[in-house]
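As a plain string of letters, each chain reads:
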Amino acid sequence: MASSPRRTNDSRQQPPFELNGNKYDLNTYIGRTRNFFEMFNPLLLFTTDAQLKKCKTLLGNYQNGTYETIDSPLNVKLWDAQTRINAIIHPQTQEKILLPFRMSCFVPMNLPIAAGMLLSRGVGAGLFWQWYNQSYNVCVNYCNGNKSNALSNASLV
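Below is a summary of the structure that appears in this document. Computed from a predicted model, the values in this text were never measured in an experiment.

Thoughts on the overall build of the protein
Then comes step 1: Each helix and strand counted, the protein has six helices and zero strands in total.
Then comes step 2: Along the protein, helices (α) and strands (β) appear in the sequence α-α-α-α-α-α when read from the amino end.
Then comes step 3: On C-alpha atoms alone, the protein measures out to a radius of gyration of 20 Å, which is more than a quarter above the 15 Å that the 2.2 N^0.38 rule sets for 157 residues.
Then comes step 4: Counting over 157 residues, the protein shows a buried share of 27%.

In structure tokens form, the structure reads like this:
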């Protein structure tokens, strides 16, 4: 009797890798939710520069056609590499986004902010936490925002 192949987390069913594509069907609610949770995963904050360099190399090799066939483990590695690159590197400037302003850090940074806003007593503390929250949101939006179109102060007024 032949034994069935062992299933691990790394060999879970994933669609074939597509460079700059999405692992999940963004036309469905479940697909968008899974994509959202993957990009906001705080574990991505522990990605080292060496791991990021390996991810870039892996995707570069794929783009150059180095891999003739893509087996299941390589498929998982390619999706993981693309997820890490998308979470850490700004798509237009190709520069690393500062760690506290990455989308994967949004939830951990907002936990103390929300606690401070809910637990603050007095007007001064409430104003401080409102200011801190708005300042953090501005930084996140600036670091993750569109960099292809220059925005002048005159156009804002």
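Describing helix α5 (residues 123-144)
Then comes step 1: Under the 1.5 Å per step criterion, the end-to-end length of α5 is 32 Å for 22 residues, consistent within 8% with the ideal 32 Å.
Then comes step 2: Looking only at α5, the buried set comprises Asn 133, Tyr 136, Asn 137, Val 140 and Cys 143. Projection of α5 onto a plane perpendicular to its axis shows the buried side chains occupying an angular sector of 135°, all on one side. Pointing more than 90 degrees away from the buried face of α5 are the exposed residues Val 123, Gly 124, Leu 127, Trp 131, Val 138, Asn 141 and Tyr 142.
Then comes step 3: Contacts from the buried residues of α5 go to α4 (106-119).

Examining the side chain of Gln 82
Then comes step 1: Counting through the fold element by element, Gln 82 comes out in helix α3 (residues 72-88).
Then comes step 2: Gln 82 gets classed as buried once you look at its relative accessible area, which sits at 4%.
Then comes step 3: At 2.9 Å, the side chain of Gln 82 forms a polar contact with the backbone nitrogen of Asn 20.

Describing the side chain of Ser 104
Then comes step 1: On the secondary structure map, Ser 104 appears in the loop between α3 and α4.
Then comes step 2: Here Ser 104 is in contact with Met 39, Phe 40, Asn 41, Pro 42, Leu 44 and Leu 45, once residues within four sequence places are set aside.

Section: the nonpolar core
Then comes step 1: Grouped together as the largest cluster of nonpolar side chains are 14 residues, with contacts concentrated most on Leu 59, Leu 78 and Ile 85.
Then comes step 2: Those elements that provide at least two residues to this core are α2 (49-63) and α3.
Then comes step 3: The leading source of residues in this core is α3, at seven residues.
Then comes step 4: Residues within four places of Leu 78 in sequence aside, it is in contact with Phe 17, Leu 58, Leu 59, Tyr 62 and Ile 70.
Then comes step 5: One finds Ile 97, Phe 101, Tyr 136 and Cys 143 within the second-largest nonpolar core, a separate group that totals six residues.

Topic: the layout of surface pockets
Take a probe with the size of a water molecule and roll it over the atoms, and the empty space left behind shows itself.
Then comes step 1: By volume, the second largest pocket amounts to about 280 Å³.
Then comes step 2: If you trace the second largest pocket, you find 13 residues lining it, with Leu 19, Asn 20, Leu 59, Ile 85 and Gln 94 closest to the centre.
Then comes step 3: Those elements that place two or more of their residues in the lining of the second largest pocket are α2 and α3.
Then comes step 4: Among the elements that line the lining of the second largest pocket, the one with the most residues is α2, at four residues.
Then comes step 5: For the lining of the second largest pocket, a count of residues per class yields five nonpolar, seven polar and one charged.

What counts, and where the lines are drawn
- Residues numbered from 1 in each chain as written.
- Predicted model: local features only at pLDDT ≥ 70, side-chain atom pairs only at ≥ 80, totals over all residues.
- Heavy atoms only, no water.
- Helix = DSSP H or I, 4+ residues; strand = E, 2+ residues; numbered from the N terminus.
- Rg over C-alpha atoms; globule rule 2.2 N^0.38 Å.
- Buried < 20%, exposed > 50% of the residue type's maximum accessible area, 1.4 Å probe, protein only.
- Expected span 1.5 Å × (residues − 1).
- Arc of directions from axis to C-beta.
- Contact = heavy atoms within 4.5 Å.
- Polar contact = N/O pair within 3.5 Å; in protein donor to acceptor, adjacent residues only side chain to side chain.
- Core = buried A, V, L, I, M, F, W, Y, C linked by side-chain atoms within 4.5 Å.
- 1 Å grid on protein atoms, 1.4 Å probe; cavity = no way out; pocket = protein on both sides within 12 Å on 5 of 7 lines; lining within 4 Å.
- Points joined across faces, edges and corners; volume = space filled by probe spheres on them.
- Nonpolar A, V, L, I, M, F, W, Y, C, P; charged D, E, K, R; others polar.

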